[in-house]
Number of protein chains: 2
Amino acid sequence: MFNNRVKIKALLASDETGHEVTVMGWVRSLRNNQFIALNDGSTNNNLQVVIELGQLDEATFKRITRGASIRVTGEVVPSLGQGQKVEVKAKQLDILGDCDAEKFPLQPKKQSLEFMREVAHLRFRTNTFGAIFRVRHSLAFAIHNFFNQQGFVYLHTPIITSSDAEGAGEMFRVTTLPATNPPLNEQGGVDFTEDFFGKSTNLTVSGQLEGELGAMAFSDIYTFGPTFRAENSNTTRHLAEFWMVEPEMAFYDLEDNMNLAEQFIKYIIQYAMDHNREDLEFLAQRLADEEKQLPQDKRSELGLIEKLEFVLNNGFERITYTEAIDILLNSSAYKKKKFQYEVKWGVDMQSEHERYLVEKHFKKPVIVTNYPKDIKSFYMRQNDDGKTVAAMDILAPGIGEIVGGSQREERLELLEKRMKDLNIPTEEMSWYLDTRRYGSVPHAGFGLGFERIVLFVTGMTNIRDVIPFARTPKNCEF
Amino acid sequence: MFNNRVKIKALLASDETGHEVTVMGWVRSLRNNQFIALNDGSTNNNLQVVIELGQLDEATFKRITRGASIRVTGEVVPSLGQGQKVEVKAKQLDILGDCDAEKFPLQPKKQSLEFMREVAHLRFRTNTFGAIFRVRHSLAFAIHNFFNQQGFVYLHTPIITSSDAEGAGEMFRVTTLPATNPPLNEQGGVDFTEDFFGKSTNLTVSGQLEGELGAMAFSDIYTFGPTFRAENSNTTRHLAEFWMVEPEMAFYDLEDNMNLAEQFIKYIIQYAMDHNREDLEFLAQRLADEEKQLPQDKRSELGLIEKLEFVLNNGFERITYTEAIDILLNSSAYKKKKFQYEVKWGVDMQSEHERYLVEKHFKKPVIVTNYPKDIKSFYMRQNDDGKTVAAMDILAPGIGEIVGGSQREERLELLEKRMKDLNIPTEEMSWYLDTRRYGSVPHAGFGLGFERIVLFVTGMTNIRDVIPFARTPKNCEF
């Protein structure tokens with residue numbers, strides 16, 4: 001048995017001394033030929049390991065380089081250095097794995113985030129990415145914890161699908177047919193009956209429709225899995241593969257939906273604040289340092305921690321789409337023609353409009369409801385005005401849309417008519433319509449783009465930096 | 001706000017009476033024109049709702065059919081019936097959604113599991129599938145809980161990948177190229193530089209290799225996500241899309257790995273026993289009823305609950321592959337030529353052999369270690385005998401392999417040589433080899449097929465019945 005070690009996070013959390021421990025990790029630095037900063041990924045805080053001058057033979061000593069992995073057994077003693085209560089006085093030190101410090105891509109200097117993306121297989125070993133992915137972990141765990149506590153069933157909706165939930169969006173095709181010379185049918189097209197599933201299949205863009213099937217039995221379900229968009233957009237906010245959380249609740253109307261979404265977002269942020277305070281403080285400092293290079297008016301008004309606390313302590317603003325358009329039309333930005341895109345009832349809001357509402361006008365998260373039906377999906381519940389649907393989007397400062405949801409159309413006739421109007425085949429979707437045929441109920445749900453909330457909580461600005469290995473157009477490394 | 005209801009599980013858990021509540025759910029039955037069995041999916045137990053004769057107008061009363069959804073407000077009163085402490089005396093009853101009881105596919109009679117697969121969008125509303133998917137939820141939550149408590153980082157490894165972790169296995173291709181007339185290169189093959197990612201990409205068969213990258217920074221990580229095999233095998237144990245849990249631990253050897261895997265499996269089973277006792281008892285009864293139709297010698301020796309308790313209370317047997325082969329060669333089954341497949345050192349064990357070891361010989365879960373290197377993957381740590389690798393498979397009664405794992409080869413030279421021997425391109429896998437170049441450490445990990453453990457815990461026998469919407473050859477419905 002190899003693993004009889006104590007993790008550095010646990011060791012640093014206690015001020016107990018006098019006992020012997022074994023620690024293992026990677027060398028971050030060696031100072032004065034005597035002080036090793038050792039990290040094992042459990043925390044950004046390094047353990048100070050002290051070796052006495054001359055304690056090690058020269059050959060071993062030379063192998064204690066940045067990036068090398070070591071095992072140390074020694075006594076836990078009070079630390080005289082700043083910032084830690086204890087350190088380990090090495091009795092035995094073994095090199096587990098060497099690291100050529102000159103070739104090691106992670107150099108002890110500031111390296112750009114762009115470069116880090118190229119060495120994404122190693123960047124977890126830096127303070128920034130260590131903090132980001134521990135926070136990401138906590139947010140993911142908090143999501144499961146929140147829904148489990150509330151009696152939601154975690155439903156694994158399918159990844160490979162033959163339907164397109166959103167009725168829109170470019171999709172990735174999944175196939176086992178040969179790329180060259182696939183079998184053809186009599187019309188000269190590809191014969192998908194020969195494909196693995198006997199028909200053309202895609203990667204899912206949303207688990208919602210299948211999620212609704214679960215909600216019609218368990219009352220409350222959620223999904224949390226990967227979703228895909230084959231959109232050729234190279235922005236700091238889009239990925240071809242990303243993780244999405246989609247709760248779906250029977251016996252919910254739009255207001256219930258908003259209440260749950262707000263409570264949910266606050267819960268997971270609070271969870272990270274409670275469990276990752278050191279990581280968030282590190283990321284707050286990183287963000288502050290980064291923003292020092294920006295002109296004053298481009299800097300955030302609040303620091304990262306303050307921003308999160310502000311969200312926790314304030315209700316989200318709730319306005320209708322119609323009110324949002326009115327605010328925009330009456331804004332000085334509109335009057336001074338500062339918006340690039342059109343502002344008009346019936347037209348979807350662009351990022352610049354959303355950011356104006358959130359960052360300039362309300363200065364807090366905003367829930368916009370009751371959008372025009374023509375810019376929203378077929379399954380959203382039609383309002384009595386005949387023009388709008390019971391949709392809700394949650395917009396967050398710096399990020400834009402993080403949640404999109406709605407009350408669903410539970411009335412069979414209205415749903416079928418809407419599908420026909422939009423040329424969505426009701427025959428193929430018969431399984432979906434069955435939920436409206438047999439004991440239909442008012443229900444609602446929303447989708448949260450997981451990476452968007454990770455961006456928001458970590459203060460990072462490029463979505464590629466908050467997912468382990470980003471998939472974007474022309475980029476599928478590792 | 002619509003959702004001011006109390007869930008039936010919570011209501012039935014208390015014996016408080018005299019207060020007014022609102023409940024919502026689906027009608028399971030109406031007895032004596034007076035007693036409604038109401039279910040909302042929070043538990044298999046129905047709430048009895050009592051209506052007085054003549055309380056409702058005739059039109060409303062007729063709509064209280066099996067499958068219809070209703071909202072009831074009334075007083076919680078002590079129940080005179082058996083099996084429940086309280087019931088609700090209806091004061092107000094509203095039909096939310098009608099259900100034509102004759103057309104409703106779920107009829108109040110025994111319907112086959114095969115038929116239920118055809119109506120998988122509705123089967124969640126039956127007792128059997130309600131229980132299965134609540135247990136599945138608990139097992140999934142227990143997985144996250146276990147690893148979170150132990151300081152593991154949940155790492156979302158990529159789904160779309162350009163590498164094949166296992167060096168084997170048929171894969172699904174992911175593409176946005178047109179199916180007919182894709183762009184060709186000068187050699188007449190498909191020009192993948194025109195594809196979305198600029199190269200040929202597939203759905204992942206395992207997150208392990210990327211998981212190792214995480215473990216080399218965070219010490220302990222786990223994945224829990226969908227994985228894919230494009231194998232044309234129509235068995236009761238294989239799916240084209242399934243969920244897998246893959247922990248990966250730095251500073252672990254094979255024994256540490258076995259210890260963790262055993263502790264992990266026991267933890268999640270215990271969690272389900274603690275949180276889903278009623279569901280498991282229902283499934284135990286279902287299994288016992290089903291097995292009554294089998295001849296005596298085909299029935300399980302232990303009931304479902306007893307089987308799970310047995311696993312919790314006994315250590316897993318640990319034997320080497322070499323010992324396993326010896327046991328098989330000395331078995332009466334072998335001597336009586338009852339095995340269909342060859343038993344010989346160096347040849348992979350078949351399901352019949354694994355089941356013999358687990359079900360006949362040891363009668364408990366067995367961990368088989370140190371397999372011949374030629375039947376295992378390139379990344380497994382080579383033992384000093386030159387013939388075997390530090391692999392481990394966990395075999396479970398009735399299921400066969402539920403866990404496959406190993407200590408990984410951390411020595412760069414040995415790993416590179418093995419890859420070259422197997423014609424695995426080391427250039428393309430340079431990122432993977434970097435973990436061995438820069439601070440390599442002994443490490444290990446395993447993969448648990450999630451549906452396999454759900455099968456084991458629920459006592460179901462077909463894997464299609466424990467995943468919401470199964471994907472198998474020629475089958476991609478819903």
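Note that the structure is predicted; figures quoted are calculated from it, not measured.

Next up on the list: the relation of the copies chain A and chain B. A rotation about some axis, followed by a shift along it, carries one copy of the chain onto the other. Take chain A, turn it by 180°, move it 0.0 Å along the axis, and it overlays chain B with an RMSD of 0.0 Å. The relationship between the two copies is best expressed as a two-fold rotation axis. Within chain A, the C-alpha atom positioned nearest to the axis of rotation is that of A:Val174, 2.4 Å from it. A symmetric contact is evident, with 100% of the interface residues of chain A recurring at the interface of chain B.

What follows deals with the interface of chain A and chain B. Interface size is commonly expressed as the accessible surface area that is lost when the partners come together. Across the contact, 122 residues belong to chain A and 122 residues belong to chain B. Interface of chain A and chain B: buried area, both sides summed, is about 9,400 Å²; carbon and sulfur atoms make up 63% of it. It is A:His156, A:Phe251 and A:Tyr438 in chain A that bury the most area against chain B; as a group they hold 9% of the surface buried on that side. The residue A:Lys199 makes a salt bridge to B:Glu477 at a minimum N-O spacing of 3.2 Å. Across the chain A-chain B interface, the total number found is 64 residue pairs in polar contact (both at pLDDT 80 or more).

This paragraph deals with the domain arrangement of chain A. All names here are of chain A. Examined at the domain level, chain A breaks down into domain 1 (8-104) and domain 2 (125-170 + 205-465). A C-alpha centroid distance of 44 Å is found between domain 1 and domain 2. Taken together, the 9 residues of domain 1 in the interface contact 9 residues of domain 2. For the pair domain 1 and domain 2, the summed buried surface comes to about 650 Å²; carbon and sulfur atoms form 25% of the total. There are 0 salt bridges connecting domain 1 and domain 2. One can count 6 residue pairs in polar contact (both at pLDDT 80 or more) joining domain 1 with domain 2. A class-by-class count of the residues in the side of domain 1 that touches domain 2 yields 2 nonpolar, 6 polar and 1 charged.

Let us look at the nonpolar core. Grouped together as the largest cluster of nonpolar side chains are 248 residues, with contacts concentrated most on A:Phe264, A:Val457, B:Phe264 and B:Val457. The residues contacting B:Val457, other than those within four sequence positions of it, are B:Val135, B:Leu139, B:Ile269, B:Ala272, B:Leu280, B:Leu304 and B:Leu308.

A separate point is the pairing of strand E1 (residues 20-31) of chain A. Residue and element names in this part refer to chain A. With 7 bridges joining them, E1 and strand E4 (residues 69-78) adopt antiparallel strand pairing. In the sheet register, Thr22 faces E4, and the bridge partner there is Thr73. Pairing geometry for E1 and strand E2 (residues 35-39), over 5 bridges, is antiparallel. By the bridge assignment, Ser29 is partnered in E2 with Ala37. The hairpin formed by E1 and E2 contains 3 residues between the paired strands, and Asn32 there has a positive phi angle of roughly 55°.

The next subject is the packing of aromatic side chains. Summed over the entire model, instances satisfying the criterion amount to 59 aromatic pairs over all chains. Ring centres of A:Trp431 and B:Phe478 lie 6.1 Å apart, and the angle between their planes is 85°; on these two criteria the pair is classed as edge-to-face. You can see A:Trp431 sitting in helix H13 (residues 430-437) and its partner B:Phe478 sitting in the segment after helix H14 (450-458), one on each of two chains. One exposure class covers both A:Trp431 and B:Phe478, and it is buried. Ring centres of B:Phe147 and B:Phe152 lie 4.9 Å apart, and the angle between their planes is 50°; this geometry places the pair in the tilted category. Judged by its relative accessible area of 2%, B:Phe152 falls in the buried class. Stacked on the ring of A:Tyr371, the Lys or Arg A:Lys376 has its end atom at 4.3 Å from the ring centre.

All right, on to the side chain of A:Asp191 then. Checked against the element boundaries, A:Asp191 lands in the loop between strand E8 (173-175) and strand E9 (201-203). As a buried residue without a salt bridge, A:Asp191 has its nearest oppositely charged side chain in B:Lys474, at a separation of 8.2 Å. What A:Asp191 contacts, discounting residues up to four positions off in sequence, is A:Leu177, A:Pro183, A:Leu184 and A:Asn185.

Moving on, we get to the pattern of salt bridges. Scanning the entire structure with this criterion turns up 56 salt bridges over all chains. Counted as one network, the salt bridges with shared partners bring together A:Arg117, A:Arg123 and A:Asp465.

The subject of this paragraph is helix H14 (residues 450-458) of chain A. One full turn of an α-helix is made of 3.6 residues, so residues set three or four places apart face in the same direction. All names here are of chain A. With respect to burial, H14 is a largely interior element, 9 of its 9 residues being buried. Those residues of H14 lying buried are Phe450, Glu451, Arg452, Ile453, Val454, Leu455, Phe456, Val457 and Thr458. Gly459 occupies a position one or two residues after H14 and carries a positive phi of about 75°.

Attention now goes to the sheet that holds strand E5 (residues 86-97) of chain B. Within a sheet, adjacent strands bond to each other through the backbone by hydrogen bonds, running parallel or antiparallel. Residue and element names in this part refer to chain B. Spatial ordering of the closed barrel is given by E1-E2-E3-E5-E4, a layout of 5 strands whose pairing is mixed. Across the sheet, the mean angle separating the axes of adjacent strands is 55° when strand polarity is ignored. Where strand E2 (residues 35-39) lies against strand E3 (residues 47-50), 4 bridges are found, and the strand directions are antiparallel. Paired with Leu38 across the bridge in E3 is Leu47.

The subject of this paragraph is a positive patch on the surface. A surface patch of positive charge is lined by A:Lys298, A:Lys336, A:Lys338 and A:Lys360. Residue placement: A:Lys338 occurs in the loop between helix H10 (332-335) and helix H11 (351-362).

About the criteria used
Residues numbered from 1 in each chain as written. Chains lettered and ligands numbered in written order. Predicted model: local features only at pLDDT ≥ 70, side-chain atom pairs only at ≥ 80, totals over all residues. Heavy atoms only, no water. Least-squares fit on C-alpha atoms with pLDDT ≥ 70 in both. Contact = heavy atoms within 4.5 Å. Buried area = accessible area lost by both parts, 1.4 Å probe. Salt bridge = Lys/Arg side-chain N within 4 Å of Asp/Glu carboxyl O. Polar contact = N/O pair within 3.5 Å; in protein donor to acceptor, adjacent residues only side chain to side chain. Domains from an automatic or database assignment. Nonpolar A, V, L, I, M, F, W, Y, C, P; charged D, E, K, R; others polar. Core = buried A, V, L, I, M, F, W, Y, C linked by side-chain atoms within 4.5 Å. Buried < 20%, exposed > 50% of the residue type's maximum accessible area, 1.4 Å probe, protein only. Pairing = 2+ DSSP bridges. Helix = DSSP H or I, 4+ residues; strand = E, 2+ residues; numbered from the N terminus. Phe/Tyr/Trp six-rings, centres within 6.5 Å; stacked < 30°, edge-to-face > 60°. Lys NZ or Arg CZ within 6 Å of the ring centre and 35° of its normal. Lys, Arg positive; Asp, Glu negative; His and termini not counted. Axes fitted to C-alpha atoms, helices over the stretch in contact; angles between N-to-C directions. Patch = residues over 30% accessible without salt bridge, like charges linked within 9 Å, V, L, I, M, F, W, Y side chains within 5 Å. Areas by Shrake-Rupley, 256 points an atom, 1.4 Å probe, with all protein chains shown as cover. Charge placed at Lys NZ, Arg CZ, Asp CG, Glu CD.

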